[in-house]
Amino acid sequence: MPSLEGKVAIVTGAGRGIGRGHALALAEAGARVVVNDLGATLAGEGTDATPAQSVVNEIVAAEGEAVANYDDVSDFGAAEHMIQRAIERYGGLDILVLNAGILRDRMLVNMTEDEWDAVIAVHLKGHFSPLRHAAAYWRERSKSGESLRARVITTSSPSGVFGNVGQANYGAAKAAIAGLTLIAAQELHRYGVTVNCIAPNARTRMTEETFGDLPAPDEGFDPLDPGNMAPLVVALCADEAQDITGQCFFVWGGSVNVLRPWDAGELLAADERWDADALLAELRERFPEGAAPEGMVPMMGKAGGRSMRVG
Ligand SMILES: NC(=O)c1ccc[n+]([C@@H]2O[C@H](COP(=O)([O-])OP(=O)(O)OC[C@H]3O[C@@H](n4cnc5c(N)ncnc54)[C@H](O)[C@@H]3O)[C@@H](O)[C@H]2O)c1
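Residues numbered from 1 in each chain as written. Predicted model: local features only at pLDDT ≥ 70, side-chain atom pairs only at ≥ 80, totals over all residues. Heavy atoms only, no water.

### Remarks on the environment of Ala 150
Turning to step 1, where the next piece is worked out: Inspection of the secondary structure puts Ala 150 in strand S5 (residues 150–155).
Turning to step 2, where the next piece is worked out: Taking the C-alpha atoms as reference points, Ala 150 and Pro 261, separated by 111 residues in sequence, lie 23 Å from one another.
Turning to step 3, where the next piece is worked out: Apart from residues lying up to four places away in sequence, Ala 150 is in contact with Asp 94, Trp 138, Gly 192, Val 193 and Thr 194. (Helix = DSSP H or I, 4+ residues; strand = E, 2+ residues; numbered from the N terminus. Contact = heavy atoms within 4.5 Å.)

Quick look at the structure:
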């Protein structure tokens, strides 16, 4: 495992599931970890200090260093407090893993304003807010002459990059997070900060809600273990990964697929403004079978995984 000795990391939503796996692995690699978790229900309601504190206890029991933090990442001021907490407690910040999330699934025609707002707030603003404050801190350090090797890991989803029915709020936030990653990577590389994205897959309370009970195999490798994302996080946080930025990694068990982002595609070129009739005719000629998204299930298969929906 690459050594992250001396580095300071924050993992948001690290009290459970995938974030817990990231926090344990970063601590094992030598980082001091701020374990952020509001302790909300899956729908984003209530607070509970137990999840964050129990992960801190696990890290300390394994002779690592960690501290709990209960700030709500969707609150701009609270996110700044979380970044300051790391700096005050451990003297700096090197790694920011943005992972906290909630679910309020509903078909588009029935989705309420609250269901939309809550999910966009925790995922998208919950990425922007900590990232904004950490970026300002890193820019200041870089401008004062320090050579940084700082890291941001964002969390998208197959739902966001491939599009999953029933998750308009969640998928839109997750697609936006993939876009935010591309922009932040380009803006922050000059300061020595890389920004990469994970589209994870794991058995957590989140997938239980969407796909029901997904039993672990009796023996052998469990492709849905929430710790399966952790090696990628540790690898991307290593100093040697300084030139890998702006990428989105789909992870299923042992498959890590470096996804192609929105890419240039079929070009319909004219020397002047298209006439709508001619354009429609050209579209019908180029796409004789029509054009529509493939959907999440086949795309996950192409990326080296499987849909949890098909077992
Ligand atoms: N499990 C999967 O297969 C899967 C697939 C794609 C994406 N993801 C993403 O991975 C991330 C982790 O999900 P998980 O499956 O481990 O879910 P989880 O519910 O087990 O963990 C999410 C954690 O985030 C915390 N949280 C929620 N709102 C918060 C807030 N405002 N501030 C701070 N903490 C908050 C919760 O208390 C919870 O402990 C999420 O962003 C999720 O969307 C998961």
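### Quick notes on the site of the ligand
Turning to step 1, where the next piece is worked out: The local shell around the ligand holds 32 residues, among which Asp 37, Asn 99, Tyr 170, Thr 204 and Arg 205 are the closest.
Turning to step 2, where the next piece is worked out: A distance of 2.9 Å separates an oxygen atom of the ligand from a polar backbone atom of Ala 202.
Turning to step 3, where the next piece is worked out: Burial of the ligand by the protein amounts to 98% of the accessible area it has alone, namely 830 Å².
Turning to step 4, where the next piece is worked out: Put simply, the parts of the chain that give the shell around the ligand at least two residues each are helix H1 (17–28), helix H4 (113–143), helix H6 (168–188) and helix H7 (205–211).
Turning to step 5, where the next piece is worked out: With three residues, the top contributor of residues to the shell around the ligand is H7. (Near = heavy atom within 4 Å. Polar contact = N/O pair within 3.5 Å; in protein donor to acceptor, adjacent residues only side chain to side chain. Areas by Shrake-Rupley, 256 points an atom, 1.4 Å probe, with all protein chains shown as cover.)

### Considering unusual backbone geometry
Turning to step 1, where the next piece is worked out: Of note, the phi angle at Glu 63 is positive, near 65°, even though the residue is not glycine.
Turning to step 2, where the next piece is worked out: Using a relative accessible area of 77% as the deciding quantity, one classes Glu 63 as exposed. (Buried < 20%, exposed > 50% of the residue type's maximum accessible area, 1.4 Å probe, protein only.)

### Here's the deal with H6
Since there are 3.6 residues in each turn of an α-helix, residues three or four apart along the chain are aligned in direction.
Turning to step 1, where the next piece is worked out: Taking 1.5 Å of rise per residue, 21 residues should cover 30 Å, and H6 covers 29 Å from first to last C-alpha, within 8% of that figure.
Turning to step 2, where the next piece is worked out: Of all the positions in H6, only Asn 169, Tyr 170, Gly 171, Ala 173, Lys 174, Ile 177, Ala 178, Thr 181, Ala 184, Ala 185 and Leu 188 are classed as buried.
Turning to step 3, where the next piece is worked out: As for H6, its buried residues are in contact with H4, S5, helix H5 (158–163), strand S6 (193–199) and H7. (Expected span 1.5 Å × (residues − 1).)

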